[in-house]
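Inside the fold
So you can see what is in the structure, the chains are spelled out below.
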Amino acid sequence: MTFLERTTDARKFRHWEGDVEADYIYTSGVAGERFFVALRDEGRMLASRCAACKLDYLPPRMFCEDCFAELTEYVDVPRAGQVAAVTVAHVDRTGAKLSQPQVWAFVTFEGIRGGLFHRLLVAPKQARAGLSVRVRLKPRNGRTGTIADIEGFEPVRSRI
Amino acid sequence: MTKVGVIGAGMTLFRRRLQETGKEMCFEATKMALDSAGLTRADVNMVVCGTAPDAFDGVAMKGEYLLDGSGGYRKPYTRVFTGGGTGVFSTIAGWWHVASGLADVVLVVNEEKMSSCQPHPQSVFANIWDPILDRPLKPNLVWIFAMEMNRYMTVYGVKKEDIARVAVKNKRNAVGHPCAQLADPNITVDDVLKSEVMAWPVQRLDISPPSDGASAVILASEDFIRKRRIKDRAWISGVGWCIDSTMWTDRDLVFPEYVARAAKHAYKMAKIDEPRRQIDFAEPYDPFDYKELHHLEGLLLADKGEAPVLTREGVTERDGKLPVCPSGGLLGVGNPIAATMGMKIGELFWQLTGQAGKRQIPHEVHTGVSQAWGDLMQYGSVVVMKG
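As a further point, take the overall build of chain B. When helices and strands are tallied, chain B shows 15 helices and 12 strands. Relative to a compact globule of 387 residues, whose C-alpha radius of gyration would be 21 Å, chain B shows 19 Å and is just as compact. Across its three principal axes, chain B shows a C-alpha extent of roughly 55 × 45 × 40 Å. Considering chain B as a whole, with its 387 residues, one finds that 60% of them fall into the buried category.

On to the sheet that holds strand S9 (residues 132-137) of chain A, then. Residue and element names in this part refer to chain A. Spatial strand order, S8-S6-S5-S9-S10: five strands in an open sheet with antiparallel pairing. The sheet is open, and its two borders are formed by strand S8 (116-119) and strand S10 (150-155), each paired with just one other strand. When strand polarity is set aside, the average angle formed by the axes of neighbouring strands in this sheet is 40°. In terms of strand pairing, strand S5 (residues 80-91) meets strand S6 (residues 97-108) through eight bridges, oriented antiparallel. Looking at S6, one finds that Val-88 is bridged to Val-103.

Helix-helix packing is described using two parameters, namely the angle between the two axes and the distance between the axes. Residue and element names in this part refer to chain B. Put simply, helix H7 (residues 160-173) and helix H12 (residues 289-298) touch, their axes get as near as 7 Å, and they point 100° apart. By the criterion of interaxial angle, the relationship of H7 to H12 is roughly perpendicular. From H7, Ile-163, Ala-164, Val-166 and Ala-167 reach across to H12, where they touch Asp-289, Tyr-290, Glu-292 and Leu-293. Along the lines of polarity and charge, the residues of the contact of H7 with H12 split into six nonpolar, no polar and two charged.

Let us look at helix H10 (residues 257-269) of chain B. All names here are of chain B. For H10, spanning 13 residues, the distance from its first C-alpha to its last is 19 Å, which sits close to the expected 18 Å at 1.5 Å a residue. Listed in full, the buried residues belonging to H10 are Tyr-258, Val-259, Ala-260, Ala-262, Ala-263, Ala-266 and Tyr-267. Next to the buried residues of H10 lie strand S9 (234-243), helix H11 (275-278), H12, strand S11 (367-374) and strand S12 (379-386). Just downstream of H10 lies Lys-271, where phi reads positive at about 55°.

A few words on the confidence of the model for chain B. When the pLDDT values of chain B are averaged, the result is 96; 100% of them are 70 or greater. Taken together, the chains of this predicted complex give a pTM of 0.93 and an interface ipTM of 0.83.

With 20 residues of chain A in contact, the opposing surface of chain B contributes 25 residues. Sorting the residues of the side of chain A that touches chain B by element identifies strand S1 (23-24) and helix H1 (29-42) of chain A as the ones contributing at least two each. Classifying every residue of the side of chain A that touches chain B gives 11 nonpolar, four polar and five charged. One ladder, built from two bridges, connects S1(A) with strand S5 (residues 117-118) of chain B; its direction is antiparallel. Across the sheet, residue Tyr24(A) finds its bridge partner in S5(B), namely Cys117(B).

Note: strand S2 (residues 46-50) of chain A against strand S3 (residues 55-58) of chain A, three bridges, orientation antiparallel. Bridge pairing links Arg49(A) to Asp56(A) in S3(A).

Moving on, we come to helix H15 (residues 341-352) of chain B. Residue and element names in this part refer to chain B. Spanning 12 residues, H15 covers 16 Å between terminal C-alpha atoms, matching the ideal 16 Å at 1.5 Å per step. For H15, the buried fraction is high: 12 of the 12 residues fall into the buried class. For H15, the full list of buried residues reads Met-341, Gly-342, Met-343, Lys-344, Ile-345, Gly-346, Glu-347, Leu-348, Phe-349, Trp-350, Gln-351 and Leu-352. At the C-terminal side of H15, Gly-354 shows a positive phi close to 70°.

Going from Leu58(A) to Pro59(A), the amide bond is cis rather than trans, its omega being -10°. Relative to the elements of secondary structure, Pro59(A) occurs in the loop between S3 and strand S4 (73-76). Following Trp200(B), the chain continues to Pro201(B) via a peptide bond in cis, the omega torsion being 10°. For Pro201(B), the location among the structural elements is in the loop between strand S6 (197-199) and strand S7 (202-203). Positive phi, normally seen in glycine, also occurs at Phe68(A), with a value near 70°. C-beta crowding within 10 Å serves as the criterion here: with 22 such atoms nearby, Phe68(A) is assigned to the buried category. The phi torsion at Met61(B) lies on the positive side, around 60°, for a residue other than glycine. Mapped onto the fold, Met61(B) is located in the loop between helix H2 (54-57) and helix H3 (62-65).

This part is about the packing of helix H4 (residues 86-99) of chain B against H15(B). Residues and elements named next belong to chain B. Relative to each other, H4 and H15 sit at 50°, their axes nearing to 8 Å. By the criterion of interaxial angle, the relationship of H4 to H15 is oblique. In this structure, H4 uses Gly-87, Val-88, Ser-90 and Thr-91 to contact H15, whose residues at the interface are Met-341, Lys-344 and Ile-345. A per-class count over the contact of H4 with H15 returns three nonpolar, three polar and one charged.

All names here are of chain B. With mixed pairing, the nine strands of this open sheet are ordered in space as S3-S2-S4-S8-S1-S9-S12-S11-S10. The sheet is open, and its two borders are formed by strand S3 (77-80) and strand S10 (281-283), each paired with just one other strand. Between one strand and the next, the sheet's axes are offset by a mean angle of 25°, whatever the strand orientation. Alignment of strand S2 (residues 46-51) against S3, held across four bridges, turns out to be parallel. The partner of Gly-50 across the bridge, within S3, is Val-80. Along the sheet face, helix H1 (residues 22-37) touches strand S1 (4-11), strand S4 (105-113) and strand S8 (212-221) and points at about 35° away from the line of S8.

Calculation rules
- Residues numbered from 1 in each chain as written.
- Chains lettered and ligands numbered in written order.
- Predicted model: local features only at pLDDT ≥ 70, side-chain atom pairs only at ≥ 80, totals over all residues.
- Helix = DSSP H or I, 4+ residues; strand = E, 2+ residues; numbered from the N terminus.
- Rg over C-alpha atoms; globule rule 2.2 N^0.38 Å.
- Buried ≥ 20, exposed ≤ 12 C-beta atoms within 10 Å, placed from the backbone.
- Pairing = 2+ DSSP bridges.
- Axes fitted to C-alpha atoms, helices over the stretch in contact; angles between N-to-C directions.
- Parallel < 35°, antiparallel > 145°, perpendicular 65-115°, else oblique.
- Contact = placed C-beta atoms within 7 Å.
- Nonpolar A, V, L, I, M, F, W, Y, C, P; charged D, E, K, R; others polar.
- Expected span 1.5 Å × (residues − 1).
- pLDDT = per-residue confidence, 0-100.

Listed below in structure tokens is the structure:
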């Protein structure tokens, strides 16, 4: 009968309501510890270097996924990065409409493998790939050593 | 079918909480296994990752999340999962990659980071039940094991102290294990019997608690082993796996039929018709002390109801006639579900190649069997290895 009398209200059938309850605490890991402490305390963004493969990982990794060496050398990420891709979000993760559209970007850095996903601090109509941007951090006393210490990326020109 | 050997193994510390992320733990175990075999990631043709439900680590699509640490970057890579049975099953999956002739070298990496889940991974176990029949009653997983243990004790008249001897033996065996979380050289049967009651007859020290950890093994074809002149190898001579009824209420709580069927399959392949005579030592799955006894009987290494007697008589001690869990097992080393491969497949490899150090069985051993148990206490996976 299910197929003949379709209903979108599951409560019309005999049922039991259940929650899948689970909360989590995630460790940042060995490489994450280096990255977030430098970000919080010194306002620096670090990449981990694989000398053998001649590449730097951002976010830093504890190991090279290619040659499988353990990485212990960290280098500064260049100040300016490039917006590789943008999106303007109109709904939040639950599908509810946002009061203001939000601009998000994937930012890459010259010579660095990987990049960061974060807010792009421009008006939606100014959001475009190719923008030259730099990171904007929260003030030192507001930083806690998480990705939220970054407020977002802003165009390099806006501060010059 | 290509003959397959284990040529390397590695594992991380097992701890209640490690700083390393899941992929960092995988890297450490994998690197150790590669180094021990004298290989690099470039030598690896294919990768199998074994890990329990995503909900423990709290990362959906955990197989994909762990792939870089597991050495899977740009390689044929598969995640397999059969609950706790993954501890042995992932090696079976790795075995068929090589036995089929598809690959010469396969890396098998198992991981669990159970400390992420708050306040306790029990909240994830709470959701493995049938949502209509069981979950409304809010059972704790331990309740059901307690009933299975009680049934086993009732049918065979087993005393609690004879079951506690398993916990004592394994926690003492683990003293020689560099990764152990729960080793205790001074533990007594009395300590177990006086520990907190969780769900009678299960007490705190009857159980292995959740852990963080990873382990890795490397499998290779006979050709590769010959060409590279690899000396430290143990051959996989039999594999078997089996699952029982989806309804736990439909299963035999006294005898693990699913283990017996998996074992018979593996023994037939390994040309073993008298397991008690032909198998020198065993690493059965021991998340609870009574499960080691249960599984010894399922593996046909003890008659029904006889395993507690063998334990009491010292037969299963490291220097006994049939050493059982010389690694220290889950009770002594820890229980990061799939990563227990380190004490099951890893220990067989280390024992059979004489690399078990302080845990080395003092007499010569040629054939070992390991077994894991999983899903909702219904899954058996068995591997027989020869030196």
